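# A closer look at the structure
What follows is each chain in one-letter form.
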Amino acid sequence: MKKFQLFILLLCCIKASLAQTSDLDELPLPVLRQKLALSTNDTTTVKLQLALGHLMLLKASPTKRDVDSAKSFSAKAEALSRQLNYQFGIINAMLLSTETCYYENNREKGFAIAQKALAFSIRNKNGDGEARSYYLISRYYPRSDSVSLEKKLIYINKAISIFSRNGNSKYHSYMLTNSADLLFNAGRNSEGLKLLFEALNLGKGVSRRTVEGIYWNIGRISMRTGDYINALKYNLLAIKTAREVNDTTMQLGWIKHLVASTYTRIGDYRRAIPYSIEVIKIAKRFNEPYYLNLELSLLAFEYTHTDRLTDALAILSQMEGKAGTDLEKLSVNVDILYSLVYSKKLQQADRYAQQVKKLLPLIPRGNVAEIMNAYNALAYFYLKTNKMEQVYHYSDLYAAMAQKLSYIEDITNAEERYYKLVIVNRNPRSVIARFLKHQEFRDSVYNKVKAYQAFLLDMENENLRKNRHIDSLTMEAQVKEIRIKRNQLIQQATILGAVLLLVISGLIYSRYRLKQRSNALLTQQKEEIDDQNKVLQQLIIDKNELIKEKDELITEKDLLFKEVNHRVKNNLQSVLLLLENQAATLDGEALDAVNNSRHRIYAMSLIHDKLIESSKLRSINMGLFLPQLAEHIKDSFHGATQVKIRVSVEELTLDVSLALPLALILNEAVTNAFKYAFPNKETGEVHVTFGRFKDQFRLEIADNGIGMNSEAKAKTNTGTGLKLIRGLCEDIDAKVTLKNTGGTRIIILCNAQRQEEIDLDMALRHLPDINLS
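Residues numbered from 1 in each chain as written. Predicted model: local features only at pLDDT ≥ 70, side-chain atom pairs only at ≥ 80, totals over all residues. Heavy atoms only, no water.

Moving on: the state of the cysteines. Evaluated as defined, the whole model comprises zero disulfides. For Cys750, which is in no disulfide, the shortest distance to another cysteine sulfur is to Cys729 and amounts to 8.3 Å. (Disulfide = S-S within 2.5 Å.)

Our focus in this paragraph is the pairing of strand β7 (residues 745-751). Burial analysis of β7 places five of its seven residues in the buried class, the great majority of the element. Sheet analysis places strand β5 (residues 696-703) next to β7, joined by seven bridges and oriented antiparallel. From the neighbouring strand, Glu700 faces β7, where its bridge partner is Ile747. Sheet topology places strand β6 (residues 735-739) next to β7; five bridges connect them, and they run antiparallel. By the bridge assignment, Lys735 is partnered in β7 with Leu749. With antiparallel pairing between neighbouring strands as the criterion, β6 and β7 make up a hairpin whose turn holds five residues, including Gly742 at a positive phi of roughly 65 degrees. (Buried < 20%, exposed > 50% of the residue type's maximum accessible area, 1.4 Å probe, protein only. Helix = DSSP H or I, 4+ residues; strand = E, 2+ residues; numbered from the N terminus. Pairing = 2+ DSSP bridges.)

Our focus in this paragraph is the packing of aromatic side chains. Summed over the entire model, instances satisfying the criterion amount to 21 aromatic pairs. With a centroid separation of 5.7 Å and 40 degrees between ring planes, the pair formed by Tyr86 and Phe88 is classed as tilted. An aromatic cluster is present here, built from Tyr102, Tyr103, Phe111, Tyr134, Tyr140, Tyr141 and Tyr155 joined pairwise through their rings. The ring of Phe88 is capped by Lys47, whose NZ or CZ atom sits 6.0 Å from the centre of that ring. Over the aromatic face of Tyr352 sits the side chain of Arg351, whose NZ or CZ is 4.4 Å from the ring centroid. (Phe/Tyr/Trp six-rings, centres within 6.5 Å; stacked < 30°, edge-to-face > 60°. Lys NZ or Arg CZ within 6 Å of the ring centre and 35° of its normal.)

The next thing to look at is a nonpolar patch on the surface. A surface patch of nonpolar side chains, about 360 Å² in accessible area, is lined by Ile495, Val499, Val503 and Leu507. For Leu507, the position within the fold is in helix α22 (residues 428-583). The exposed category is assigned to Leu507, whose relative accessible area is 55%. (Patch = residues over 30% accessible without salt bridge, like charges linked within 9 Å, V, L, I, M, F, W, Y side chains within 5 Å. Areas by Shrake-Rupley, 256 points an atom, 1.4 Å probe, with all protein chains shown as cover. Salt bridge = Lys/Arg side-chain N within 4 Å of Asp/Glu carboxyl O.)

Segments scoring low in pLDDT should not have their predicted coordinates read at a detailed level. Per-residue confidence for the chain gives a mean pLDDT of 78, with 75% of residues at or over 70. Here residues 1-19 is a poorly scored stretch, pLDDT under 50, and it has 76 contacts once near neighbours within four places are set aside; other chains count. Predicted confidence for residues 713-717 stays below pLDDT 50, and this span has six contacts to residues more than four positions away or in other chains. (pLDDT = per-residue confidence, 0-100. Contact = heavy atoms within 4.5 Å.)

A pair can form between side chains of opposite charge whenever their charged atoms are brought close. According to the stated counting rule, one finds 14 salt bridges in the structure shown. Taking the shortest distance from any N to any O, the salt bridge between Arg745 and Glu700 comes out at 3.0 Å. Here Glu700 lies in strand β5 and Arg745 lies in strand β7, a separation of 45 residues in the sequence. The partly exposed category is assigned to Arg745, whose relative accessible area is 24%. Linked through salt bridges whose partners overlap, the residues forming this network are Glu150, Arg188 and Glu191.

Have a look at this one:
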């Protein structure tokens, strides 16, 4: 059968990777990167780094760049975890490093790191880390020999024991599936199948995605055993589950490939075609050339058997044009040869048979599947062209390899061909002997399949009984719980009724006694009320007079407050005029100092101007204030007209105690940008953004200029502007961040709840002394 040796090898090489370390692993890659950019070197940062590294290795075909990225994330996560003394991060960073070594084929280093992670986990009594370490250690033992396979099982079973003891059903199910796969590899099908059904019961309670993988495993084992009916059943269940969980990973492609191959095995090629087309789409989406070529070959095989030779040859022609290595050329030539022979195009097929014979000596002996396919195709071709010597030659080579590797399907295929050959020779004894041998072999295979089907049916029934028993126990527990709750409710109702009766009796008696006392006091109270009414009337008159006086005082206070703001503004304007006059006589650093002072005073003046305009005398609308302040600063730099300033400010109202320091910070940052970011009056942009970020206010001033040089970065507190910014941030308990990527970015984060009385002395004490003489 075409391509099935390669498929059997594929069944034994399922991609394995440890389940997620945290819920963050389920987030998409862009979301994780965005969260990491906003994190602040805490345990969440470690989890994000681990999740990113893990997802790099979970790609369908991790590249060297992906593995290098995972290694970098692992190193960063371990360094930060040790700094924070974060045990979870230390263990999982070492385990991630172990996985990267596995992908790099650096087995000695990976094994050593896994052992180190195991020792650390045991020392710190971390069962989860210990179990994960055992699993990763097992991956470094090959499946190729029984001793190594047994060691893999020992370590997997240790992990299973720990996950079971800790009640970690999800990882317990995952480890059972891995152990089952190893048992199937060792030929211990019954034990493996029991573990898969145990994993299935656990998986149903924790993850539908886990159930999907287990259905697929049962399906592929059924396929390998020759039980095609159950292979279809469980793989179709896997596809149904994949739809429920919206699975779009490469695993869905493997499942659909198995369905297409099963339909092909039973000769239902038309049903196989849609699944092969879906697999090809998935393989292209994940850029998986190996799986793409495998499925294209299978699709051509299906087209050939549905009388669509033209479509099959079109696919194979494209593959032939892309074949680069001798192995790829052999594979596609074998496919074309088989399609032409099946379609009785023997004259065309002869050219490809010769090409296959030329390529065979160039293929390394380790490529068993491809060589067997070539022998089989050549034997098939020579049988159809009645060249019996060649048929026997290639059939013997094909059968010898099939017997050596115990490929049941290929042994059956070889036996059928031998049977046809003896019929052609018309030797009755040989025909009968070959028929009996062929029938004996078919019966043996049939019996094995039936035994497997019987065992699988027993497992399904046992699983059904367990589920029914669990459902029965669950129902009984629910009934008992309902009865207990009902009895408790009756008891509580009885007690509550008795308490209410006592309370009502007490209230009635108390009411009676109260009524007696009330009657005795009514006369006295009436007299007192009359006296109080007279006093109250006088108090009401006094109150109305006080309210009137209060309203007059409030009005007067508002007028005085506006007058004070107006005079402060006028005084600041006067100071601005004096500074402008003084600036006319200065140059150099003195002029810069005076201009800087003018900007700062203008910011304070603009605050008072907005307070005069606002109906609220103590708060500022930042949406109006900051754009005007930024535009004033730009206008003051007449030579920087090529530099654009873009302002994005939310409509937020801030107390003047917070607005004034932020205005001064904005003034310093934008002024520095205009003065230093764009030398020689180059074009550029300055961006100012302000708004609410979670429970904080966020002010950012960024430019795309030359950025701070290394000396300035090393001495971040030497400039007056930076001193003022840091001082103001310290006074309002704000956090300042300076970044020097693609220009200069200054980010201010302050508490949105901070509203205090303004202290002008505090706000201005950071300003430098100005000598105007």
